[in-house]
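# Results of the structural survey
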Amino acid sequence: MQHFSKLSIFMRKVTILLLFIGISGFSFANKEKEFNVSEMIMHHIKDAHEWHLYGPEHGGTSIYLPVILMDNGLKTFSSKHLYHGESVEVAGKEQEISLHYVKGVGPASGYALYHEEIYKLNGAGELQFDGEHPHNPQPLDFSITKNVMSLLMGAFLILIVMFSVAKFYRKNGAVAPKGIAKFFEPIIVMVRDDIAKENINEHKYKKYVPYLLTIFFFIWFNNMLGLIPFLPGGANLTGNITVTLFLSVCTLLVTLFSGNKNYWGHIFWMPGIPVPMKIFMMPIEIIGIFTKPFALMIRLFANITAGHIIVLALIGLIFINKNIAWAGLSVPMALFISVLEILVAFLQGFLFAMLSALFIGAAVEEAHH
Amino acid sequence: MDLILPDLGLLFWTGIVFCCLLFLLAKFAWKPILNAVNAREQKIAESLELAVKTQAEMKALKAENDQILKEARAERDNILKEAKDAANHMIEDAKTKSKVEAQKIVEAARLNINSEKAAAIAEIKTHVATLAIEIAEKVVRGELASDEKQKALAEKLAGDIQMN
């Protein structure tokens, strides 16, 4: 049954994608513009101030998310005033490209949206371009963007699921699990036993289990949400470098604050090797502290973003070739990749938690004598 | 390029949401779930241990029962033997006693018979004596019917006495 629902979700995903890209493709065609597959993919995997539902990319149906700016005080307005503002076309330095941005109206006046970034208009009421990038200052943007919205929904989903699991145990006590608890208990036990207990000292691992569980389920749930092509999914949250940066910094901080004398000793004064080597090893070990979480950040970002790009590129084949017959090739391939992505969604969560546990385990390890 | 540049706003919201999530889950989800799972695991481990212990106890109990049964059987055999012995003894006793009794009775009977016999003999003797006397009287009367006969007898008697 579960298999079937995943399949049906995927089929819907493909349908919606076809619809979405199809219509946007047509709208480009109407303007005598080439379908730009990389622009379409980039648009999808990057953040936005609106949640596009269906219809053409410009002028389709979207949920306009709140914009929150810190610019001489708090300014909030709907992103509708940015998207449905005054459209401006500027000739770029190279004559063949024209740059397109939107000036906000109403409460959003004074700001402009260019490539999903908000800029302050200059005295003349326009953006000052240098090449393809505006020179105008940017206000601090705390908007509830598509990714923030997805983040909130993902967190909400995890809370609902885990609270209902917890409710089962609170109600029934220490009995054999049933229903939702039966599904999630093996996964929770796996994180506790195979990730935490396996990598962290037996007497110290308990403290880190809640963190590892949270990080695992956060990544897994959000990865899965990212695979759903429509509300409440479709955002590329775990494939966003900001999110993976935050998660890896969390692991870095947990590792650093857990580090014992033995750990720091191995970093600054490696035991068991000659003094010149000790001095040589010190900077390497210090760099090592940061490369480990850096690798975590890049791994999750690249895996999830790559998954989104592959699916979109395969679907994009149809529109690059302007022939529906290509669907016969690209849809089965996209299906294959999407099924693979379901595995990757779990695997990346597992890996992130596993490697975090490994780093923490190394930090709390006692000296061997 | 902005694909790999962190965004301050998203970082801010991710931080807040993740920290809230960590706090809420740790307090209201992971703690009760892990506690329940641990409690259950402990319960299962204890139950298994108890089962092994109970099995050992059962074994010991069975051995004990067997021992008791064996002892009981031995005791029963013993009792039976004793009873048999006692019975035999009693029979033997009774036999001996009855023999003695019988002998006594026989002895008494014999004594009785003897005394009766003696009495009878004595009576017969008396009777015979009386008869003899009567016969003798009659004979004597006959003998003494004439003088010659008296004289002859006297002489004979005298001759007998002399001979004795």
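Keep in mind the model is a prediction, meaning the values are calculated, not measured. All residue numbers refer to position in the chain's written sequence, counted from 1. Whichever chain is written first is A, and whichever ligand is written first is 1; the rest continue in order. A pLDDT threshold of at least 70 governs which residues receive local features in this predicted model, and a stricter bar of 80 or more applies before side-chain atom pairs are shown or counted, although totals over entire chains, interfaces and linings include all residues.

### Description of the overall build of chain B
Strands are runs of DSSP state E lasting at least two residues, helices are runs of H or I lasting at least four, and both sets are numbered from the N terminus onward. The number of helices and strands found in chain B is two helices and zero strands. Both definitions apply: the radius of gyration is a C-alpha atom measure, and the globule rule equals 2.2 Å times residues to the power 0.38. Over its C-alpha trace chain B gives a radius of gyration of 64 Å, far above what one expects of a compact globule, namely 15 Å for 164 residues. Its C-alpha atoms put chain B at 205 × 25 × 20 Å along the principal axes. Neighbour counting defines burial: a residue surrounded by 20 or more other C-beta atoms within 10 Å of its own C-beta is buried, one with 12 or fewer is exposed, and intermediate counts give partly exposed, using backbone-placed C-beta atoms. Across the 164 residues of chain B, 7% fall into the buried class.

### Examining the overall build of chain A
Of regular secondary structure, chain A possesses 10 helices and 11 strands. Taking all 369 residues of chain A together, the buried fraction comes to 38%. A residue pair is marked as a contact if its C-beta atoms, positioned from the backbone, fall within 7 Å. Of the contacts formed within chain A by residues at least 6 apart in sequence, a portion of 58% connects residues at least 24 apart.

### Here we look at unusual backbone geometry
All names here are of chain A. For the peptide bond that leads from Leu-231 to Pro-232, omega is 5 degrees, which places it in the cis range. In this model, His-115 sits at a positive phi of 50 degrees, which is unusual for a non-glycine residue. Structurally, His-115 is set in the loop between strand E7 (111-114) and strand E8 (117-120). Owing to 15 C-beta atoms within 10 Å, His-115 belongs among the partly exposed residues under this scheme. Its identity as a non-glycine residue notwithstanding, Glu-116 has a phi of 65 degrees, on the positive side. What makes Glu-116 partly exposed here is the crowd of 19 C-beta atoms within 10 Å.

### Regarding the packing of helix H7 (residues 241-258) of chain A against helix H10 (residues 327-364) of chain A
A pair of packed helices is captured by two measures, namely the crossing angle of their axes and the spacing between those axes. Residue and element names in this part refer to chain A. Here an axis means a line fitted to C-alpha atoms, over the contact stretch when the element is a helix, while the angle between two N-to-C directions is reported on a 0 to 180 degree scale. Between H7 and H10, whose axes approach to 8 Å, the crossing angle comes to 20 degrees. Judged on the interaxial angle alone, H10 and H7 are roughly parallel. Crossing of H7 over H10 shows right-handed handedness. Together, Leu-247, Thr-251, Val-254, Thr-255 and Ser-258 of H7 and Phe-352, Ser-356, Phe-359, Ile-360, Ala-363 and Val-364 of H10 make up the contact between the two elements. An angle counts as roughly parallel when it lies under 35 degrees, as roughly antiparallel when it exceeds 145, as roughly perpendicular when it falls between 65 and 115, and as oblique in every other case. Less than a right angle of anticlockwise turn of the near helix away from the far helix marks a crossing as left-handed, whereas a clockwise turn marks it as right-handed.

### Focus: helix H9 (residues 275-321) of chain A
In an α-helix, one turn spans 3.6 residues, which is why side chains three or four residues apart end up on the same side. Residues and elements named next belong to chain A. Every helix has an expected span of 1.5 Å times one less than the residues it contains. With 47 residues, H9 should cover 69 Å at 1.5 Å per step; its first-to-last C-alpha distance of 64 Å lies within 8% of that length. One fitted axis covers the seven residues ending at a residue, a second covers the seven starting there, and the bend at that residue is the angle between these axes. Where H9 bends most, the angle comes to about 30 degrees, and this point is Ile-315. Phi turns positive one or two residues past the end of H9, at Lys-322, with a value near 50 degrees.

### Topic: the sheet that holds strand E5 (residues 86-91) of chain A
Residues and elements named next belong to chain A. Pairing between strands is defined by DSSP: at least two bridges between the two strands are required. Within the open sheet, the four strands sit side by side as E5-E6-E7-E8. Their pairing is antiparallel. The sheet terminates laterally at E5 and E8, the two strands that pair on one side only. Neighbour-to-neighbour, the strand axes of this sheet turn through a mean angle of 35 degrees, independent of strand direction. Examined bridge by bridge, E5 and strand E6 (residues 98-103) share six bridges and lie antiparallel to one another. Within the sheet, the bridge partner assigned to Ala-91 lies in E6 and is Ser-98.

### Brief notes about the interface of chain A and chain B
Between chain A and chain B, the residue contacts involve 38 residues of the former and 30 residues of the latter. Listed by contribution, the elements that provide at least two residues to the side of chain A that touches chain B are strand E11 (140-141), helix H4 (146-172), helix H5 (180-199), helix H6 (209-227) and H7 of chain A. Sorting elements by how many residues they give to the side of chain A that touches chain B places H4(A) first, with 13 residues.

### Some thoughts on the confidence of the model for chain B
Scored from 0 to 100, pLDDT records how confident the predictor is in each individual residue. Taken residue by residue, chain B gives an average pLDDT of 89. The fraction at 70 or more is 98%. In the model output, the complex is listed with pTM 0.76 alongside ipTM 0.86.

### Focus: the packing of H5(A) against H6(A)
Residue and element names in this part refer to chain A. Direction vectors running N to C along H5 and H6 enclose 120 degrees, while the axes themselves pass 10 Å from each other. Comparing the axis directions of H5 and H6 gives the class oblique. Both H5 and H6 take part in a crossing whose hand is right-handed. Across from Ile-188, Val-191, Arg-192, Ile-195 and Ala-196 in H5, the residues of H6 making contact are Val-209, Leu-212, Leu-213 and Phe-216.

### Side note on the nonpolar core
In this description, a nonpolar core means buried residues of the types Ala, Val, Leu, Ile, Met, Phe, Trp, Tyr and Cys, linked to one another by C-beta atoms lying within 7 Å. Ranked by size, the top nonpolar core spans 63 residues in total, and within it Ala196(A), Tyr208(A), Leu212(A), Ile215(A), Phe216(A) and Ile33(B) carry the most contacts. Counting only elements with at least two residues in this core, the list comes to H4, H5, H6, H7, H9 and H10 of chain A together with helix H1 (8-143) of chain B. A total of 14 residues in this core trace back to one element, the largest contributor, which is H6(A). Those residues in contact with Ile215(A) that lie beyond four places of it in its chain are Leu247(A), Phe352(A), Ala353(A) and Ser356(A).

### Here we look at the environment of Ile97(A)
Residue and element names in this part refer to chain A. One can find Ile-97 in the loop between E5 and E6. Owing to 11 C-beta atoms within 10 Å, Ile-97 belongs among the exposed residues under this scheme. Linking Ile-97 and Ser-109, residues 12 residues apart in sequence, is a C-alpha distance of 26 Å.

### Re helix H2 (residues 147-163) of chain B
Across its 17 residues, H2(B) extends 24 Å between first and last C-alpha, which sits within 8% of the 24 Å expected from 1.5 Å per residue. Counting buried positions over the 17 residues of H2(B) gives zero, only a small fraction of the element.

### Observations concerning the confidence of the model for chain A
The share of residues in chain A with pLDDT of 70 or more is 89%, and the mean pLDDT across the chain is 86. A low-confidence stretch, residues 20-32 of chain A (pLDDT under 50), is modelled with 17 contacts involving residues beyond four sequence positions or located in other chains.

### Regarding the domain arrangement of chain A
Partitioning chain A into structural domains gives domain 1 (66-143) and domain 2 (147-364). Note that the domain bounds reflect an automated or database-derived domain assignment. Averaged C-alpha coordinates put domain 1 of chain A and domain 2 of chain A at centres separated by 35 Å.

### Remarks on the sheet that holds strand E4 (residues 74-78) of chain A
What links the strands of a sheet is backbone hydrogen bonding, and the strands pair in either a parallel or an antiparallel sense. Taken in spatial order, the three strands of this open sheet run E4-E3-E11 (chain A), and their pairing is antiparallel. Strand pairing shows two members of the sheet lacking a second neighbour, E4 and E11 of chain A, which therefore form its edges.

### Here we look at the pairing of E8(A)
All names here are of chain A. Of the pairings in the sheet, the one linking E7 to E8 comprises four bridges and is antiparallel in character. Its bridge partner lying in E8, Ala-112 is registered against Tyr-119. Once E7 ends, the chain turns through two residues before running back antiparallel as E8, passing His-115 with a positive phi of about 50 degrees.

### A look at the pairing of strand E2 (residues 61-64) of chain A
Residue and element names in this part refer to chain A. Pairing geometry for strand E1 (residues 50-54) and E2, over four bridges, is antiparallel. Paired with Trp-51 across the two strands is Ile-63, which belongs to E2. Where E1 folds back onto E2 in an antiparallel hairpin, the turn is made up of six residues, including Gly-55, whose phi is positive at roughly 90 degrees.

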